[in-house]
Amino acid sequence: MRKPIIAGNWKMHKTVPEAVRLAKQLKVLVSDELKGVEVVLCPPFTALYAVAEVIKGSGIQLGAQDVFWADEGAYTGEISPVMLKDLGCHYVIVGHSERRAYFHETDEDVRRKAEAALAKGIGVIACVGETLDQRRRGETEAVVRREVRAIVEGLELNDPGQLVIAYEPIWAIGTGETATSGEANRVAGLIREEIARWLGGEAAARVRIQYGGSVKPENIGGFMQEPEIDGALVGGASLDASSFAQIVKF
Ligand code: 13P
């Protein structure tokens, strides 16, 4: 059985005081749900330490939004997996479409980040998904398979529970549009098939697949009823304690 995982990607939002306030509110609102669902908060780097202090011992997990692959060195502006581990991060998001689009991250970069984080015992939430043009051209399956393959081919994965793939169709991010739950489930199934091809069926059955893209309290239930979808990566609606708590209670 795969434990559902709901993660809030705060993106470039929240000062430290704002982040602390949100984390404190969430701690109260979701405490009863944590047996049945893994809840991960991914604040910006600047608020990780403060949020870690708030959620310590609560069962809520801490995630970062990106990582570099080297342990340390002359990489101005970058943050290493060792540093994230030191802060108590359980997860890190890699390959978000905003990083691929605005910061030119390649499939190879995403793979190196995922490998480096896993090697330090940090769970990885790796994002994949097609643009609207790619969808219109009928390329969804090819794009998603290519991105998944880049992450998993030859990957040493001791604990498949440490890998989460977030299917985020780019046209559904921040737009209010969502894939239908049936379509999201179909693509999640293709993702699992691709993982099985490279890591075997047993591992694939344990990797969790999230849907992301305009997830809200009103639509989370539909996604969570789908057999291949094990959770959600939530952007906008994770910035409000009550909305995110309702999503966690799907
Ligand atoms: P929204 O929920 O704001 O559409 O963002 C989705 C996302 O990109 C999460 O990583």
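Residues numbered from 1 in each chain as written. Predicted model: local features only at pLDDT ≥ 70, side-chain atom pairs only at ≥ 80, totals over all residues. Heavy atoms only, no water.

Draft legend 1. Inspection of the overall build of the protein chain at higher detail. From N to C terminus, the protein chain includes eleven helices and eight strands. Here the protein chain has a C-alpha radius of gyration of 17 Å; the compact-globule value for 250 residues is 18 Å, and the two agree. Across its three principal axes, the protein chain shows a C-alpha extent of roughly 45 × 45 × 35 Å. Within the structure as shown, the protein chain displays about 11,200 Å² of accessible surface, and the carbon and sulfur contribution to it stands at 51%. Side-chain charges of the protein chain comprise 29 positive and 35 negative groups, with the mean position of each set lying 3 Å from the other. (Helix = DSSP H or I, 4+ residues; strand = E, 2+ residues; numbered from the N terminus. Rg over C-alpha atoms; globule rule 2.2 N^0.38 Å. Areas by Shrake-Rupley, 256 points an atom, 1.4 Å probe, with all protein chains shown as cover. Lys, Arg positive; Asp, Glu negative; His and termini not counted. Charge placed at Lys NZ, Arg CZ, Asp CG, Glu CD.)

Draft legend 2. Main features of helix H7 (residues 140–152). With 13 residues, H7 ought to run about 18 Å at 1.5 Å a step, and its terminal C-alpha atoms sit 18 Å apart, in line with that. Along H7, the residues that are buried comprise Thr140, Val143, Val144, Arg145, Glu147, Val148, Ile151 and Val152. The elements touched by buried residues of H7 are helix H4 (97–102), helix H5 (107–119), strand E5 (123–128), helix H6 (132–136), strand E6 (163–167) and helix H8 (181–199). Downstream of H7 by one or two residues, Gly154 has phi in the positive range, about 75 degrees. (Expected span 1.5 Å × (residues − 1). Buried < 20%, exposed > 50% of the residue type's maximum accessible area, 1.4 Å probe, protein only. Contact = heavy atoms within 4.5 Å.)

Draft legend 3. Here's a closer look at the site of the ligand. By nearness alone, every residue bordering the ligand is listed as Asn9, Lys11, His96, Glu168, Ala172, Ile173, Gly174, Gly213, Ser214, Leu233, Gly235 and Gly236. Within the side chain of Lys11, one N or O atom sits 2.9 Å away from an oxygen atom of the ligand. Contact with the protein chains hides 95% of the accessible area of the ligand, taken as 310 Å² for the molecule alone. (Near = heavy atom within 4 Å. Polar contact = N/O pair within 3.5 Å; in protein donor to acceptor, adjacent residues only side chain to side chain.)

Draft legend 4. The nonpolar core, seen in detail. In terms of nonpolar packing, the biggest core is built from 69 residues, with Ile6, Leu41, Val51, Val92, Val124, Ile191 and Tyr211 touching the most fellow members. Top contributing element to this core by residue count: helix H2 (residues 45–55), with seven residues. In this structure Val51 touches Trp10, Ala19, Ala23, Leu41, Pro43 and Leu62, once residues within four positions along its chain are discounted. Within the second largest apolar cluster, eleven residues are counted, among which are Ile125, Cys127, Val164 and Ala166. (Core = buried A, V, L, I, M, F, W, Y, C linked by side-chain atoms within 4.5 Å.)

Draft legend 5. Quick look at the sheet that holds strand E2 (residues 38–42). Around the barrel, which closes on itself, the eight strands sit in the order E1-E2-E3-E4-E5-E6-E7-E8 with parallel pairing between neighbours. If you compare each strand with its neighbour and ignore which way they point, the axes differ by 25 degrees on average. Running over the sheet, H5 touches strand E4 (91–94) and E5 and is turned about 175 degrees from E4. Across the sheet, H8 is in contact with E5, E6 and strand E7 (208–212); its angle to E6 comes to roughly 140 degrees. (Pairing = 2+ DSSP bridges. Axes fitted to C-alpha atoms, helices over the stretch in contact; angles between N-to-C directions.)

Draft legend 6. Focus on the pattern of salt bridges. Throughout the structure, instances matching the rule amount to 26 salt bridges. With a closest N to O distance of 3.0 Å, Arg206 and Asp159 form a salt bridge. Taken together, the residues span a long stretch of sequence, with Arg206 in the loop between helix H9 (201–204) and E7 and Asp159 in the loop between H7 and E6 at a distance of 47 residues. Among the residues examined, Arg206 registers a relative accessible area of 44% and is labelled partly exposed. It is possible to trace a salt-bridge network through shared partners that takes in Glu141, Arg145, Glu193, Glu194 and Arg197. (Salt bridge = Lys/Arg side-chain N within 4 Å of Asp/Glu carboxyl O.)

Any functional reading would require information beyond the geometric quantities listed.
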